[in-house]
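Fold and geometry: a report
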Amino acid sequence: MLTKKLFMDSFVVYVFTEIAICLSNAIDGIIVARTLGSEAMAAMGLCVPLYSIVGALWGLIAVGMQNRCLNYLGKGDINNAQKIFGFIFPLWMLLTIILAIFGIIYAGNLAEFFGGVKGTNLYEGAKKYLIGDLIGLPALIAVPILSAVLQMDSNGKLVSYGVSLMAISNIILDLLNGYVFYGGLFGMGLATSIANYLAMILMLTHFFKKDSMFKLRLEIINFKELIKIFSGGAPRLTKNFSNTLRPLLINRFILYVGSSSALAAYSVQGNFSDVVEVIGASIASAILLLGGVFFSERDETALDELIKTAFKNILYFILPIAVLIFIFAPEIAGFYIKDSDEVLNMAIDVLRAFAISLPVQACGESLINIQQVTDNFKFVHIFTFLNKFLLIVSATFIFGYLFGVNGIWFAIPGASFLLVMLELIFISLKNKSVIKKFMDLYGLEKNFSYDKNDELELSPKNEEEIIFLSSSINEFCEAHNIDLERAYIFALCVEEMGMNVIKHGFSDGKKHEMSARIIYERNDGNLIFRLRDDCGTFNVKERALKIMDSPPEKGIGIKLVMQSAKDVKYVHVLNTNTIIITV
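Just so you know, these numbers come straight off a predicted model, no measurement behind them. (Residues numbered from 1 in each chain as written. Predicted model: local features only at pLDDT ≥ 70, side-chain atom pairs only at ≥ 80, totals over all residues. Heavy atoms only, no water.)

1. Re the overall build of the protein
Summing up its helical and strand segments, the protein has 20 helices and five strands in all. In summary, the protein has a C-alpha radius of gyration of 27 Å against a globular reference of 25 Å for 583 residues, a match within 12%. Projected onto its principal axes, the C-alpha positions of the protein cover 85 × 55 × 45 Å. Taking the intrachain contacts of the protein between residues at least 6 apart in sequence as the baseline, contacts between residues at least 24 apart amount to 76%. By element, 63% of the accessible surface of the protein is carried by carbon and sulfur atoms, the whole surface being about 26800 Å². One way to put it: in the protein the 49 positive side-chain charges average out to a point 3 Å from where the 53 negative ones average out. (Helix = DSSP H or I, 4+ residues; strand = E, 2+ residues; numbered from the N terminus. Rg over C-alpha atoms; globule rule 2.2 N^0.38 Å. Contact = heavy atoms within 4.5 Å. Areas by Shrake-Rupley, 256 points an atom, 1.4 Å probe, with all protein chains shown as cover. Lys, Arg positive; Asp, Glu negative; His and termini not counted. Charge placed at Lys NZ, Arg CZ, Asp CG, Glu CD.)

Structural data, given as structure tokens:
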């Protein structure tokens with residue numbers, strides 16, 4: 001089915017992007033430690049809160065902007081989606097340039113605020129690194145915003161290329177700085193900035209394409225729309241705040257209950273989980289990306305298939321990985337720990353506790369994003385805070401006091417299981433019934449879906465199935481008291497557009513999918529035909545304009561559709577053509 005293919009395409013882009021960034025950051029730290037020493041590594045570590053602040057900023061905007069744009073694009077409304085991007089991107093670039101200038105001027109104050117003592121090497125190192133890094137702040141914010149837009153605009157490949165360029169160039173420039181130019185921590189920060197600008201420039205080339213849906217032009221939106229954008233991105237703000245505060249409390253508690261050896265073991269799990277948790281986070285991100293489109297279309301079938309595909313991927317990908325981590329925990333721990341059997345044994349225990357929690361945690365994050373698809377922001381805020389802060393911190397304190405260090409390890413899966421249980425209880429209370437099927441997890445209102453008698457769905461694979469769909473229109477229209485002339489026009493639209501995809505889209509020898517949906521809207525009596533396919537770009541509206549003045553026999557089907565329909569909308573989003581025809 002087309003939904004499964006869209007899910008896997010989005011999932012792969014998210015996984016590749018996140019892993020590339022994680023590996024780049026890890027190698028960045030290794031190069032600093034090897035070339036500049038442990039004190040430089042400590043100075044660099046002081047600046048970590050800066051990334052939490054930056055992450056909160058881009059998350060607030062990029063996620064919120066993408067959610068609103070997808071809601072509009074699902075309805076075929078390119079104009080309002082463009083307005084949101086045309087307002088957000090230039091505004092946020094201006095703000096980050098101002099922030100970067102002030103940050104560079106007051107870099108010493110920032111270094112002191114993050115814990116550096118004035119006059120020490122740690123303070124000076126942090127200050128220099130901040131100056132070099134803040135030069136690239138506009139690009140650091142631009143890259144995730146552009147990534148979100150490019151994915152919507154069917155150019156996920158350019159996102160992967162941009163992130164790859166950023167990671168590779170950052171590593172090369174770090175090596176040159178450490179072994180050739182000897183630029184110290186300022187040079188390391190500058191290398192990261194240059195790498196971010198290279199990725200930004202590469203992604204910006206997308207907007208020079210003639211067929212790009214989004215354009216680089218200034219737009220204005222109303223305040224109400226801005227609030228909706230912030231509401232959509234606010235959960236990322238909560239997540240980053242929690243991610244900043246959580247380790248501060250847990251690390252201190254581990255030192256209180258256990259020792260530095262226990263903290264070292266816990267740090268192994270923290271470092272290793274950054275890469276492994278990417279897969280679960282990517283599944284949740286794919287739910288949010290595709291769910292925004294399907295929800296705005298009120299497409300219950302696609303939403304159902306989306307959630308089933310997501311949980312199948314947790315079962316097929318994350319569960320086997322969790323089993324492997326549990327089995328090979330001694331080998332993984334041994335990669336980190338070489339000089340202490342005590343730390344090694346504790347690291348094995350905490351890695352196994354993490355392995356048990358991994359698939360459950362992925363389910364918990366997916367449930368949060370499922371609720372965000374339906375704009376249930378109250379649920380999202382509460383459970384994001386519970387997930388990333390309150391449950392794990394509370395469980396750590398309680399189990400730590402009761403059972404010591406081993407209790408802290410048990411808190412990791414304990415908090416994950418409790419999160420999912422609370423989510424299911426909350427959704428059941430909202431639904432006022434026990435969850436019986438996957439669709440119940442959305443908590444949709446009863447009037448969300450169209451009546452089954454008012455919609456017709458099919459995934460045609462050949463001309464015969466298109467003809468069958470077209471012939472079914474007469475019966476469908478008769479059941480809804482649609483006059484014969486209008487039923488004929490509607491059947492013509494369905495057959496012409498479907499045959500066009502089969503003849504021109506399916507003829508390239510590749511495997512393709514098509515999804516057709518027919519809806520009768522009782523409120524206004526409209527007949528709506530939505531056709532989605534994953535073939536090459538084909539803008540039926542542009543094609544119609546080109547052939548309108550051509551000889552009568554050329555493109556007669558498209559001409560009749562454009563002349564007969566009340567409205568025709570076309571969008572090319574998430575690597576699919578979507579045509580929405582209203583008759």
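Here the narrative resumes, following the displayed structure.
2. With respect to the pattern of salt bridges
Under the defined criterion, the tally for this structure stands at twelve salt bridges. For Glu-219, the salt bridge goes to Arg-217, with nearest N and O atoms at 2.8 Å. Among the residues examined, Glu-219 registers a relative accessible area of 14% and is labelled buried. According to the relative accessible area criterion, Arg-217 is partly exposed, its value standing at 44%. Residues participating in the shared-partner salt-bridge network are Glu-297, Asp-299, Arg-530 and Arg-532. (Salt bridge = Lys/Arg side-chain N within 4 Å of Asp/Glu carboxyl O. Buried < 20%, exposed > 50% of the residue type's maximum accessible area, 1.4 Å probe, protein only.)

3. Some thoughts on the packing of aromatic side chains
Under the criterion given, the structure shown has 19 aromatic pairs. Here Phe-85 and Phe-214 contribute two aromatic rings whose centre-to-centre distance is 5.7 Å and whose plane-to-plane angle is 75°, an arrangement assigned as edge-to-face. Residue Phe-85 is located in helix 4 (residues 78–105), and its partner Phe-214 is located in the loop between helix 9 (184–204) and helix 10 (223–257); the two are separated by 129 residues in the primary sequence. Considered together, Phe-85 and Phe-214 belong to a single accessibility category, that of buried residues. Taken together, the ring pairs connect Phe-85, Phe-89, Phe-207 and Phe-214 into an aromatic cluster. Lying across the ring of Phe-326, Arg-352 places its NZ or CZ 5.2 Å from the centre. (Phe/Tyr/Trp six-rings, centres within 6.5 Å; stacked < 30°, edge-to-face > 60°. Lys NZ or Arg CZ within 6 Å of the ring centre and 35° of its normal.)

4. Looking at the sheet that holds strand 3 (residues 527–533)
Here five strands make up an open sheet; going across it, the order is 1-2-3-5-4 and the pairing antiparallel. Of all the strands in the sheet, just strand 1 (455–458) and strand 4 (567–573) have a single pairing partner and so form its edges. The mean inter-strand angle of the sheet, taken between neighbouring strand axes irrespective of direction, is 10°. As paired elements, strand 3 and strand 5 (residues 576–582) share six bridges and run antiparallel to each other. Opposite Phe-529, over in strand 5, you have Ile-581 as the bridge partner. (Pairing = 2+ DSSP bridges. Axes fitted to C-alpha atoms, helices over the stretch in contact; angles between N-to-C directions.)

5. Notes on the packing of helix 12 (residues 300–327) against helix 14 (residues 341–373)
The contact between helix 12 and helix 14 brings their axes to 8 Å, and the two run at 165°. As judged from the angle between their axes, helix 12 and helix 14 are roughly antiparallel. Judged by the sense of rotation from one axis to the other, the crossing of helix 12 with helix 14 is right-handed. Residues of the contact of helix 12 with helix 14, tallied by class, amount to 22 nonpolar, one polar and one charged. (Parallel < 35°, antiparallel > 145°, perpendicular 65-115°, else oblique. Left-handed = near helix turned anticlockwise from the far one by under 90°. Nonpolar A, V, L, I, M, F, W, Y, C, P; charged D, E, K, R; others polar.)

6. Thoughts on unusual backbone geometry
Even without glycine at this site, Ser-154 takes up a positive phi of about 60°. Summarising the element assignment, Ser-154 is placed in the loop between helix 7 (137–152) and helix 8 (156–181). Judged by its relative accessible area of 13%, Ser-154 is buried. Unlike most non-glycine residues, Arg-298 shows phi in positive territory, near 55°. With respect to the helices, strands and loops of the structure, Arg-298 is situated in the loop between helix 11 (260–296) and helix 12.

7. Structural notes on the nonpolar core
Membership of the largest hydrophobic core comes to 145 residues, with the highest contact counts inside it found for Phe-7, Met-65, Leu-146, Phe-214 and Trp-409. Take this core: its biggest share by element is 17 residues, from helix 11. Beyond its immediate stretch of four places on either side in the chain, Phe-214 contacts Cys-69, Leu-73, Ala-81, Gln-82, Phe-85, Val-149, Met-152, Asp-153 and Phe-207. Leu-469, Ile-482, Leu-531 and Val-583 belong to the second-largest nonpolar core, a separate cluster that totals 34 residues. (Core = buried A, V, L, I, M, F, W, Y, C linked by side-chain atoms within 4.5 Å.)

8. Topic: helix 13 (residues 329–336)
Where helix 13 is concerned, the buried positions are Ala-329, Ile-332, Ala-333 and Gly-334. Residues of helix 13 that are buried make contact with helix 11, helix 12 and helix 14.

9. Quick notes on the pairing of strand 3
Of all seven residues in strand 3, seven are buried; the element is thus mostly enclosed. Of the two faces of strand 3, the one lined by Leu-527, Phe-529, Leu-531 and Asp-533 and the one lined by Ile-528, Arg-530 and Arg-532 are each fully buried. Examined bridge by bridge, strand 2 (residues 514–520) and strand 3 share seven bridges and lie antiparallel to one another. Following the sheet pairing, Met-514 is matched in strand 3 by Asp-533. Taken together, strand 2 and the strand that follows it, strand 3, pair antiparallel across an intervening segment of six residues, in which Gly-525 is found at a positive phi of about 75°.

10. A short note on the confidence of the model for the protein
Residue-level pLDDT values for the protein average 86, and 97% of them are 70 or greater. Summarising per-element confidence for the protein, the mean pLDDT is lowest in helix 19 (residues 540–547) (69) and highest in helix 12 (94). (pLDDT = per-residue confidence, 0-100.)

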